[in-house]
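Chain and residue survey
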Amino acid sequence: MAHVRTYRTNVRIGNWNEDLRLQEDAMKEYLEKKEKGELAAQKVDFLKHNILRPVNLAVTKDGGLHFGDVVMLVNMGGENRECSALSINTDINSVTKIPSPGIQAPCGISAGRGIQPCTRTAFIITSVDGSPEGSTLNFEQSFALKTTSGFARGLYLTSDLQNFQKCAKKSRLQEVNLTDDGSFLSWWKVVHFDPQERLEHEGQPVLANVKVLIVHCKTNQSLAVLGDQVLWTTYGKEYEVTAHTFLDSHKAEQDNNHWILCTSDPAGEGRVLLNHPQSAAKDMELTQENTGI
(Lines give C-alpha, C1' and ligand atoms only; values in the text may rest on other atoms or scores of the structure.)
Protein backbone atom coordinates (compact mmCIF):
# COMPACT_ATOMS: atom_id res chain seq x y z
CA MET A 1 0.00 0.00 0.00
CA ALA A 2 2.98 2.29 0.55
CA HIS A 3 3.69 2.31 -3.22
CA VAL A 4 0.11 3.07 -4.31
CA ARG A 5 -0.17 6.52 -5.97
CA THR A 6 -2.98 8.51 -4.39
CA TYR A 7 -2.56 11.65 -6.54
CA ARG A 8 -2.95 12.05 -10.29
CA THR A 9 -2.77 15.07 -12.63
CA ASN A 10 -6.54 15.04 -13.16
CA VAL A 11 -7.35 15.24 -9.47
CA ARG A 12 -9.36 18.39 -8.69
CA ILE A 13 -8.02 20.51 -5.88
CA GLY A 14 -9.14 23.68 -4.15
CA ASN A 15 -12.71 24.97 -4.39
CA TRP A 16 -13.28 23.24 -7.71
CA ASN A 17 -16.97 22.65 -7.13
CA GLU A 18 -17.55 26.28 -6.18
CA ASP A 19 -15.61 27.51 -9.24
CA LEU A 20 -17.67 25.22 -11.48
CA ARG A 21 -20.93 26.56 -10.06
CA LEU A 22 -19.74 30.16 -10.51
CA GLN A 23 -18.91 29.47 -14.17
CA GLU A 24 -22.33 27.94 -14.72
CA ASP A 25 -24.04 30.91 -13.04
CA ALA A 26 -22.00 33.37 -15.11
CA MET A 27 -22.93 31.57 -18.33
CA LYS A 28 -26.61 31.49 -17.29
CA GLU A 29 -26.56 35.22 -16.51
CA TYR A 30 -24.87 35.94 -19.86
CA LEU A 31 -27.49 33.99 -21.80
CA GLU A 32 -30.33 35.72 -19.93
CA LYS A 33 -28.88 39.17 -20.69
CA LYS A 34 -28.32 38.22 -24.31
CA GLU A 35 -31.93 37.08 -24.64
CA LYS A 36 -33.18 40.36 -23.14
CA GLY A 37 -30.77 42.48 -25.20
CA GLU A 38 -28.99 43.80 -22.10
CA LEU A 39 -25.41 43.07 -23.13
CA ALA A 40 -23.19 46.15 -23.51
CA ALA A 41 -22.54 45.41 -27.18
CA GLN A 42 -26.28 44.98 -27.81
CA LYS A 43 -27.04 48.27 -26.04
CA VAL A 44 -24.48 50.10 -28.18
CA ASP A 45 -25.91 48.57 -31.36
CA PHE A 46 -29.44 49.50 -30.26
CA LEU A 47 -28.36 53.08 -29.51
CA LYS A 48 -26.53 53.57 -32.81
CA HIS A 49 -29.32 51.91 -34.81
CA ASN A 50 -31.83 54.43 -33.48
CA ILE A 51 -29.80 57.61 -33.08
CA LEU A 52 -27.99 57.31 -36.43
CA ARG A 53 -31.19 56.67 -38.36
CA PRO A 54 -31.33 59.00 -41.42
CA VAL A 55 -33.56 62.07 -41.27
CA ASN A 56 -34.78 64.19 -44.18
CA LEU A 57 -33.83 67.82 -43.77
CA ALA A 58 -36.13 70.61 -44.89
CA VAL A 59 -36.02 71.78 -48.50
CA THR A 60 -36.13 75.56 -48.87
CA LYS A 61 -37.74 76.94 -52.01
CA ASP A 62 -37.12 80.63 -51.36
CA GLY A 63 -33.64 80.26 -49.86
CA GLY A 64 -34.79 81.17 -46.36
CA LEU A 65 -35.41 79.37 -43.10
CA HIS A 66 -38.89 78.81 -41.69
CA PHE A 67 -40.40 77.69 -38.42
CA GLY A 68 -40.88 73.94 -38.48
CA ASP A 69 -37.86 73.35 -40.74
CA VAL A 70 -35.61 70.42 -39.86
CA VAL A 71 -32.01 71.62 -40.15
CA MET A 72 -28.49 70.55 -39.26
CA LEU A 73 -26.13 72.99 -37.52
CA VAL A 74 -22.62 72.74 -38.97
CA ASN A 75 -19.40 74.49 -38.01
CA MET A 76 -16.93 74.52 -40.89
CA GLY A 77 -13.93 74.01 -38.63
CA GLY A 78 -10.79 76.01 -38.03
CA GLU A 79 -7.13 75.86 -37.24
CA ASN A 80 -7.29 73.04 -34.68
CA ARG A 81 -10.56 71.32 -35.51
CA GLU A 82 -12.38 69.67 -38.38
CA CYS A 83 -15.80 70.40 -39.83
CA SER A 84 -18.39 69.22 -37.30
CA ALA A 85 -22.12 69.18 -36.66
CA LEU A 86 -24.04 69.89 -33.47
CA SER A 87 -24.94 66.42 -32.16
CA ILE A 88 -26.72 64.65 -29.33
CA ASN A 89 -24.09 63.18 -27.02
CA THR A 90 -25.70 60.25 -25.24
CA ASP A 91 -24.48 56.81 -24.20
CA ILE A 92 -26.08 53.49 -23.29
CA ASN A 93 -26.65 54.65 -19.70
CA SER A 94 -28.90 57.49 -20.88
CA VAL A 95 -31.24 55.34 -22.97
CA THR A 96 -34.55 54.02 -21.71
CA LYS A 97 -36.93 51.51 -23.29
CA ILE A 98 -39.94 52.28 -21.09
CA PRO A 99 -42.56 53.31 -22.09
CA SER A 100 -40.90 53.64 -25.50
CA PRO A 101 -37.25 53.66 -26.63
CA GLY A 102 -35.60 57.06 -26.27
CA ILE A 103 -32.95 59.18 -24.62
CA GLN A 104 -33.32 60.60 -21.14
CA ALA A 105 -33.19 64.28 -20.20
CA PRO A 106 -31.00 66.09 -19.42
CA CYS A 107 -28.70 64.99 -22.20
CA GLY A 108 -25.29 66.23 -23.31
CA ILE A 109 -24.37 67.90 -26.57
CA SER A 110 -21.17 67.84 -28.62
CA ALA A 111 -19.82 68.61 -32.09
CA GLY A 112 -19.41 65.39 -34.07
CA ARG A 113 -17.40 65.02 -37.26
CA GLY A 114 -20.10 62.96 -38.94
CA ILE A 115 -21.84 65.43 -41.28
CA GLN A 116 -24.85 63.27 -42.06
CA PRO A 117 -28.49 64.20 -41.37
CA CYS A 118 -29.76 61.72 -38.80
CA THR A 119 -31.68 61.67 -35.52
CA ARG A 120 -28.50 62.71 -33.71
CA THR A 121 -27.81 65.83 -35.79
CA ALA A 122 -31.31 67.01 -36.81
CA PHE A 123 -32.93 69.97 -35.03
CA ILE A 124 -36.31 71.62 -35.59
CA ILE A 125 -36.64 75.41 -35.68
CA THR A 126 -39.47 75.97 -33.18
CA SER A 127 -41.49 79.12 -32.57
CA VAL A 128 -41.56 80.66 -29.09
CA ASP A 129 -43.39 83.92 -29.89
CA GLY A 130 -46.52 82.52 -31.49
CA SER A 131 -45.27 82.67 -35.07
CA PRO A 132 -47.16 80.12 -37.20
CA GLU A 133 -45.36 77.09 -38.57
CA GLY A 134 -44.07 77.78 -42.05
CA SER A 135 -43.51 81.51 -41.45
CA THR A 136 -40.08 83.00 -42.14
CA LEU A 137 -37.40 83.15 -39.44
CA ASN A 138 -35.86 86.61 -39.20
CA PHE A 139 -32.60 87.91 -37.78
CA GLU A 140 -32.78 88.74 -34.04
CA GLN A 141 -36.08 86.81 -33.72
CA SER A 142 -36.29 84.43 -30.77
CA PHE A 143 -36.75 80.72 -31.49
CA ALA A 144 -35.96 77.32 -30.00
CA LEU A 145 -33.98 74.40 -31.36
CA LYS A 146 -35.67 71.09 -30.63
CA THR A 147 -34.62 67.54 -31.42
CA THR A 148 -36.93 65.36 -33.48
CA SER A 149 -39.73 63.41 -31.82
CA GLY A 150 -39.58 59.70 -31.15
CA PHE A 151 -36.21 58.38 -30.01
CA ALA A 152 -34.77 61.91 -29.56
CA ARG A 153 -37.79 62.85 -27.36
CA GLY A 154 -38.15 66.41 -28.72
CA LEU A 155 -35.69 67.95 -26.24
CA TYR A 156 -34.76 71.66 -26.26
CA LEU A 157 -31.25 73.05 -26.67
CA THR A 158 -30.76 74.89 -23.37
CA SER A 159 -28.13 76.97 -21.60
CA ASP A 160 -27.81 79.10 -18.47
CA LEU A 161 -25.29 81.23 -16.63
CA GLN A 162 -22.26 79.28 -15.48
CA ASN A 163 -21.45 78.69 -11.83
CA PHE A 164 -19.20 76.40 -9.83
CA GLN A 165 -21.68 73.53 -10.02
CA LYS A 166 -23.09 74.03 -13.53
CA CYS A 167 -20.56 74.52 -16.32
CA ALA A 168 -18.94 72.71 -19.23
CA LYS A 169 -16.94 69.69 -18.06
CA LYS A 170 -13.61 70.50 -19.70
CA SER A 171 -13.48 74.21 -20.47
CA ARG A 172 -15.55 75.26 -17.42
CA LEU A 173 -17.39 77.72 -19.67
CA GLN A 174 -21.17 78.10 -19.98
CA GLU A 175 -22.79 74.68 -20.39
CA VAL A 176 -25.10 73.73 -23.25
CA ASN A 177 -27.31 70.64 -23.01
CA LEU A 178 -30.70 69.21 -23.93
CA THR A 179 -33.69 69.34 -21.57
CA ASP A 180 -37.43 68.77 -21.82
CA ASP A 181 -38.21 72.28 -20.51
CA GLY A 182 -39.06 74.79 -23.22
CA SER A 183 -38.49 77.82 -20.98
CA PHE A 184 -36.68 81.10 -21.64
CA LEU A 185 -33.41 79.23 -21.12
CA SER A 186 -34.00 77.49 -24.46
CA TRP A 187 -34.50 80.70 -26.47
CA TRP A 188 -31.93 81.55 -29.16
CA LYS A 189 -31.65 84.07 -31.98
CA VAL A 190 -29.79 84.26 -35.28
CA VAL A 191 -27.35 87.16 -35.71
CA HIS A 192 -25.43 88.14 -38.85
CA PHE A 193 -21.81 87.01 -38.55
CA ASP A 194 -20.45 90.38 -39.77
CA PRO A 195 -20.77 93.03 -37.01
CA GLN A 196 -20.83 95.84 -39.59
CA GLU A 197 -23.91 94.43 -41.32
CA ARG A 198 -26.01 93.42 -38.33
CA LEU A 199 -28.01 96.59 -38.03
CA GLU A 200 -29.17 96.58 -41.64
CA HIS A 201 -30.04 92.87 -41.51
CA GLU A 202 -32.07 93.10 -38.29
CA GLY A 203 -35.60 91.88 -38.96
CA GLN A 204 -34.68 90.52 -42.39
CA PRO A 205 -35.24 86.85 -43.34
CA VAL A 206 -32.46 84.43 -42.43
CA LEU A 207 -31.02 82.61 -45.43
CA ALA A 208 -30.26 78.90 -45.21
CA ASN A 209 -26.79 77.44 -45.78
CA VAL A 210 -24.88 80.64 -44.95
CA LYS A 211 -22.66 81.54 -41.97
CA VAL A 212 -24.50 83.03 -38.99
CA LEU A 213 -24.19 83.31 -35.21
CA ILE A 214 -26.53 81.45 -32.84
CA VAL A 215 -26.85 83.64 -29.73
CA HIS A 216 -28.45 82.64 -26.43
CA CYS A 217 -31.17 85.16 -25.55
CA LYS A 218 -30.72 85.18 -21.77
CA THR A 219 -26.92 85.27 -21.51
CA ASN A 220 -26.12 86.86 -24.91
CA GLN A 221 -23.38 84.26 -25.44
CA SER A 222 -22.84 82.65 -28.84
CA LEU A 223 -22.93 78.92 -29.47
CA ALA A 224 -19.33 77.77 -29.93
CA VAL A 225 -17.19 74.74 -30.76
CA LEU A 226 -13.95 74.24 -28.83
CA GLY A 227 -11.31 72.52 -30.93
CA ASP A 228 -8.87 72.31 -28.02
CA GLN A 229 -11.35 70.44 -25.82
CA VAL A 230 -11.68 66.92 -27.23
CA LEU A 231 -14.35 64.49 -26.04
CA TRP A 232 -14.05 60.75 -26.60
CA THR A 233 -17.61 59.51 -26.95
CA THR A 234 -19.42 56.39 -28.14
CA TYR A 235 -19.20 57.89 -31.63
CA GLY A 236 -15.46 58.65 -31.60
CA LYS A 237 -13.45 61.85 -31.29
CA GLU A 238 -15.65 64.93 -30.93
CA TYR A 239 -15.43 68.52 -29.66
CA GLU A 240 -16.98 70.23 -26.68
CA VAL A 241 -19.81 72.67 -27.36
CA THR A 242 -20.40 75.63 -25.10
CA ALA A 243 -22.06 79.05 -25.08
CA HIS A 244 -19.24 81.58 -25.20
CA THR A 245 -18.43 84.44 -27.57
CA PHE A 246 -14.85 84.37 -28.89
CA LEU A 247 -13.74 87.77 -30.23
CA ASP A 248 -10.68 88.61 -32.30
CA SER A 249 -8.63 91.83 -32.20
CA HIS A 250 -11.28 93.58 -34.33
CA LYS A 251 -14.09 92.71 -31.90
CA ALA A 252 -15.58 90.27 -34.41
CA GLU A 253 -16.61 86.74 -33.56
CA GLN A 254 -14.12 84.03 -34.46
CA ASP A 255 -14.91 80.93 -36.53
CA ASN A 256 -15.65 79.00 -33.31
CA ASN A 257 -18.98 80.85 -33.28
CA HIS A 258 -19.81 80.52 -36.99
CA TRP A 259 -22.63 78.10 -37.83
CA ILE A 260 -24.43 77.07 -40.99
CA LEU A 261 -28.06 75.96 -40.74
CA CYS A 262 -28.06 73.33 -43.46
CA THR A 263 -31.04 72.21 -45.50
CA SER A 264 -31.44 69.62 -48.25
CA ASP A 265 -30.59 70.26 -51.88
CA PRO A 266 -33.89 70.49 -53.83
CA ALA A 267 -32.24 68.83 -56.82
CA GLY A 268 -30.24 66.30 -54.85
CA GLU A 269 -32.83 63.83 -53.54
CA GLY A 270 -32.30 64.71 -49.90
CA ARG A 271 -28.56 65.43 -50.07
CA VAL A 272 -27.21 68.12 -47.76
CA LEU A 273 -26.79 71.39 -49.62
CA LEU A 274 -23.57 72.01 -47.66
CA ASN A 275 -21.86 69.22 -49.62
CA HIS A 276 -22.77 70.76 -52.97
CA PRO A 277 -21.33 74.30 -53.13
CA GLN A 278 -22.33 74.78 -56.77
CA SER A 279 -25.98 74.16 -55.95
CA ALA A 280 -25.68 76.41 -52.90
CA ALA A 281 -24.20 79.23 -54.98
CA LYS A 282 -26.94 78.88 -57.57
CA ASP A 283 -29.59 78.93 -54.85
CA MET A 284 -28.04 82.07 -53.37
CA GLU A 285 -28.12 83.80 -56.78
CA LEU A 286 -31.80 82.96 -57.22
CA THR A 287 -32.57 84.19 -53.71
CA GLN A 288 -30.79 87.49 -54.29
CA GLU A 289 -32.67 87.99 -57.57
CA ASN A 290 -36.02 87.29 -55.89
CA THR A 291 -35.33 89.63 -52.98
CA GLY A 292 -33.85 92.35 -55.14
CA ILE A 293 -30.58 92.50 -53.19
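Refer to the structure printed above.
Heads up: these notes are all about the structure in this document. Note that this is a predicted model, so its numbers are computed, not measured. (Residues numbered from 1 in each chain as written. Predicted model: local features only at pLDDT ≥ 70, side-chain atom pairs only at ≥ 80, totals over all residues. Heavy atoms only, no water.)

For His-192, the position within the fold is in strand β10 (residues 188-192). Here Asp-194 takes part through its backbone nitrogen, which lies 3.0 Å from a polar atom of the side chain of His-192. Those residues in contact with His-192 that lie beyond four places of it in its chain are Phe-139, Glu-197, Arg-198, His-201 and Leu-213. (Helix = DSSP H or I, 4+ residues; strand = E, 2+ residues; numbered from the N terminus. Polar contact = N/O pair within 3.5 Å; in protein donor to acceptor, adjacent residues only side chain to side chain. Contact = heavy atoms within 4.5 Å.)

So, about the environment of Lys-166. Relative to the elements of secondary structure, Lys-166 occurs in the loop between β8 (156-159) and β9 (176-179). Classification of Lys-166 as partly exposed rests on a relative accessible area of 34%. Lys-166 sits ten residues away from Val-176 along the chain, and the two C-alpha atoms are 9.9 Å apart. (Buried < 20%, exposed > 50% of the residue type's maximum accessible area, 1.4 Å probe, protein only.)

Core analysis: the largest hydrophobic core is formed by 39 residues, its most contacted members being Leu-73, Leu-86, Ile-125, Leu-157, Ile-214 and Leu-223. Here this core gets three residues from one element, more than from any other, and that element is strand β13 (residues 236-243). Listed in part, the twelve residues of the second largest apolar core include Ala-85, Ala-122, Ile-124 and Val-272. (Core = buried A, V, L, I, M, F, W, Y, C linked by side-chain atoms within 4.5 Å.)

With an omega of -5°, the peptide bond between Ile-98 and Pro-99 qualifies as cis. As for its position among the elements, Pro-99 is in the loop between β3 (95-96) and β4 (102-103). For the peptide bond that leads from Ala-105 to Pro-106, omega is -5°, which places it in the cis range. By the element assignment, Pro-106 lies in the loop between β4 and β5 (108-112). Positive phi outside glycine occurs at Arg-153, with the angle close to 70°. One can find Arg-153 in the loop between β7 (142-147) and β8. Despite not being glycine, Lys-251 shows a phi value in the positive range, around 60°. Tracing the backbone shows Lys-251 in the loop between β13 and β14 (259-262).

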